[in-house]
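Geometric and topological summary
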Amino acid sequence: MSNQPLFPKDFLWGGAVAACQVEGAYNKDGKGLSTADVIAHGMMNDPTDPIDPNTFYPYHEAIDFYHRYKDDIKLFKEMGFKAFRTSIAWSRIFPHGDDARPNEAGLKFYDDLFDELIKHDIEPVITITHFETPLSLAHKYGGWADRRLIEYYTRFVRTIFERYKGKVKYWMTFNEINIILHIPFTGGALTVKKGEAGYEQALYSAMHHQFVASATAVKLGHEIMGKDAMIGCMIAFGPTYPETSNPLDALKMQEHMRNTTTFSDVQVRGAYPEHYLRELEKKGIKLPIEAGDLEVIKAHTVDFIGFSYYSSHTVSHKGGGEEQSNFFKNTVKNPYLSPVDESAKEWSWPVDPIGLRYSLHYLQDRYNKPLFIVENGLGAKDVIAEDGKIHDDYRITYLKRHLQEVAIAIDEGVNLLGYTSWGPIDLVSAGTSQMSKRYGYIYVDRDDHGNGTLKRTPKESFYWYQAVIKSNGAHL
Ligand code: P53
């Protein structure tokens, strides 16, 4: 790429994490248990609850960011971060979710964290809740399938908006809100299991309640923090391609794409698409819509669209084809995509940098709202070389190719607020609970069983990203 600065002057370069995947300190300073605290292995869907003292729970200590954030932020600053995305652990603030009063020690922790970021001129970008819900809300109410969760979430949101106004400008209401249909336990606190009676109805009830809660948060955000506050949605995004030019494949693509766009449509356009309402009706599902719900959703649409991008999907009308991973199920292999690097083979998420450019245009054409890439990155196995360094050239290649596409999209007119790559420091994987699926520019000495010193070491990609930010994207 040429040395032309294509990125806007105040572009928010940085990295993104989630509270539960980094903080640890799961029972410190009054924090209540969250749904993530009962995950011992695998996808965040399969709790080992109650906590078994003989089982290792990776989220309990995670990478101990709770105690080490000052040093970690120094490293982020050294890379030149302008923004850092993290989330608030709901059960630090409301230990049971439905408590009448917040836990002051929890509020204080985020005050200190945000102050530390601001001190280093790093803009906090905050996800209100990211794949963790107070566990007690699961036990007591069965999670978001119960309408009362809207009230408890709103209480949480009001508390943090009032507390952190003036410190935090960028907010997102729910991490990857569309993932609730795939990982209903951590984000939705749903206790009914797949295959059990009422499972589907519970999923869609939870979804509707989260939409109402999200719109209510946008409303409150503007009331409490004024027009300056930017309250966004956060969607797990990836375009769907048809396997061939067969019109039946095009229809299949449209159907698959709607699994995602329905979620952005509700939050950005303010209404359920007609096709979705019909589809649910045919499935015999009844959305628990109460008086005023649709009006709130209509009136309080988001200010920007935050999205994660890891890959695209390819579908065929003939059906599933080769299963590529949990999230990419019902998709077929796309022969035009780059091969997955050896270091990332275990997870095999297809690599499609052009798909990111496509996504940016797609979302801008559809919604015409500011966009924010709040996650992108390569989960890979890293090895410490004999010289003691981590030569993660595969990660640099992945990120570079994606950022080159981002630069082109911006040059072609896309309005992008920033780019926070996923896991700038190694963290616990949401999809697998592994530490060995690493995304970081910073290596953390910790394995899948909890061994290691937690020592931080910059990888080769650390210096690469530092140069990218320093040149505002001119040196990719
Ligand atoms: P891991 C599935 C598909 C796309 C994004 O994922 C996903 C998931 C859930 O696994 O989640 C986001 O850790 C999520 C992060 C997560 C990250 O992608 O499975 O917002 O919490 O860690 C990467 O490799």
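What you are looking at is a predicted structure, and each value in this text was computed from that prediction instead of being measured. (Residues numbered from 1 in each chain as written. Predicted model: local features only at pLDDT ≥ 70, side-chain atom pairs only at ≥ 80, totals over all residues.)

1. Concerning the overall build of the chain
Test applied: What counts as a helix is a DSSP run of H or I of at least four residues, what counts as a strand is a run of E of at least two, and both are numbered from the N terminus. Radius of gyration here uses only the C-alpha atoms, and the compact-globule reference equals 2.2 Å multiplied by the residue count raised to the power 0.38. A residue is called partly exposed when the number of other C-beta atoms within 10 Å of its own lies between 12 and 20, exposed at 12 or fewer, and buried at 20 or more, with C-beta atoms placed from the backbone. Throughout, a pair of residues is in contact if the C-beta atoms placed from their backbones lie within 7 Å.
Helix and strand counts for the chain come out as 14 helices and 12 strands. Its C-alpha atoms give the chain a radius of gyration of 21 Å, within 12% of the compact-globule value 23 Å for 476 residues. Viewed in the frame of its principal axes, the chain has a C-alpha envelope of about 60 × 60 × 50 Å. Going through the 476 residues of the chain one by one, you find that 48% of them count as buried. Partitioning the intrachain contacts of the chain with sequence separation of at least 6 by distance along the chain shows that 76% fall at a separation of at least 24.

2. Description of the sheet that holds strand β1 (residues 12-16)
Heads up, the condition is: The rule for pairing is simple: two strands pair if DSSP sees at least two bridges between them. Axes, fitted as lines to C-alpha atoms, cover a helix only where it is in contact. Angles between the N-to-C directions of the axes lie from 0 to 180 degrees.
Pairing is parallel in the closed barrel, where 8 strands are placed in the order β1-β2-β3-β4-β5-β7-β9-β10. In this sheet, neighbouring strand axes are inclined to one another by 30 degrees on average, regardless of whether the strands run parallel or antiparallel. In this sheet, strand β2 (residues 83-87) lies alongside β1 in parallel orientation, the contact comprising 3 bridges. Bridged to G14 within β2 is A83.

3. Description of the packing of helix α12 (residues 353-367) against helix α13 (residues 393-411)
Helix-helix packing is characterised by the crossing angle of the two axes and by the distance between the axes. Note the cut-off: Any angle that is under 35 degrees is reported as roughly parallel, and any over 145 degrees as roughly antiparallel; angles of 65 to 115 degrees are reported as roughly perpendicular and all others as oblique. Left-handed describes a crossing in which the near helix is turned anticlockwise from the far one by less than a right angle; the clockwise case is right-handed.
One can describe the packing of α12 onto α13 by two numbers: an axis separation of 8 Å at closest approach and a directional angle of 30 degrees. In terms of axis orientation, α12 runs roughly parallel to α13. Viewed along their axes, α12 and α13 form a crossing whose handedness is right-handed. Residues P353, I354, L356, R357, L360 and H361 of α12 pack against R401, H402, E405, V406, I408 and A409 of α13.

4. Some points on the pairing of strand β5 (residues 230-237)
Definition in use: When the strands point away from the viewer and the connection leading from the first strand across the helix to the second strand turns clockwise, the crossover is called right-handed.
Judged by how many residues are buried, β5 sits mostly within the fold: 7 of 8 residues are covered. With respect to chirality, the unit in which strand β4 (residues 170-172) leads through helix α8 (residues 199-225) into the neighbouring parallel β5 is right-handed. Note: β5 against strand β7 (residues 304-309), 6 bridges, orientation parallel. Paired with M234 across the strands is G306, a residue of β7.

5. Some thoughts on helix α3 (residues 65-79)
Spelled out, the test is: What a helix is expected to span follows from its residue count: subtract one and scale by 1.5 Å. At any given residue, the bend is defined as the angle formed between two axes, one fitted to the seven residues that end at that position and one fitted to the seven that begin there.
Counted at 1.5 Å a residue, the expected span for α3 with its 15 residues is 21 Å, but the 18 Å between its end C-alpha atoms falls short. Approximately 40 degrees is the largest bend angle found in α3, and it occurs at D71. Among the residues making up α3, those that are buried are F65, Y66, Y69, D72, F76 and M79. Tucked inside the fold, the buried residues of α3 contact β1, α1 (19-22), β2, α5 (104-119), β12 (456-458) and α14 (460-470). Phi turns positive, to about 95 degrees, at G80, one or two residues after α3.

6. A look at the UniProt feature "active site" (unreviewed entry) in the chain
What counts here: UniProt positions are given in the numbering used here, feature names are shortened, and annotations may be inferred rather than shown by experiment.
Following the UniProt record, one finds the feature "active site" (unreviewed entry) at E375. Tracing the backbone shows E375 in strand β9 (residues 371-375). Exposure remark for E375: the 25 C-beta atoms within 10 Å place this residue in the buried category. Discounting residues that sit within four places of it in the chain, E375 has contacts with A16, S308 and W422.

7. So, the nonpolar core
Basically, it comes down to this: Under the definition applied here, buried Ala, Val, Leu, Ile, Met, Phe, Trp, Tyr and Cys residues are grouped into a nonpolar core through C-beta atoms within 7 Å.
Residues I88, I305 and F307 are the most contacted members of the largest nonpolar core, which totals 132 residues. In terms of residues, this core owes the most to one element, α8, which gives 10 residues. Beyond its immediate chain neighbours, meaning those up to four positions away, I305 contacts G232, C233, I235, S264, V268, L363, Y367, K369, L371 and F372.

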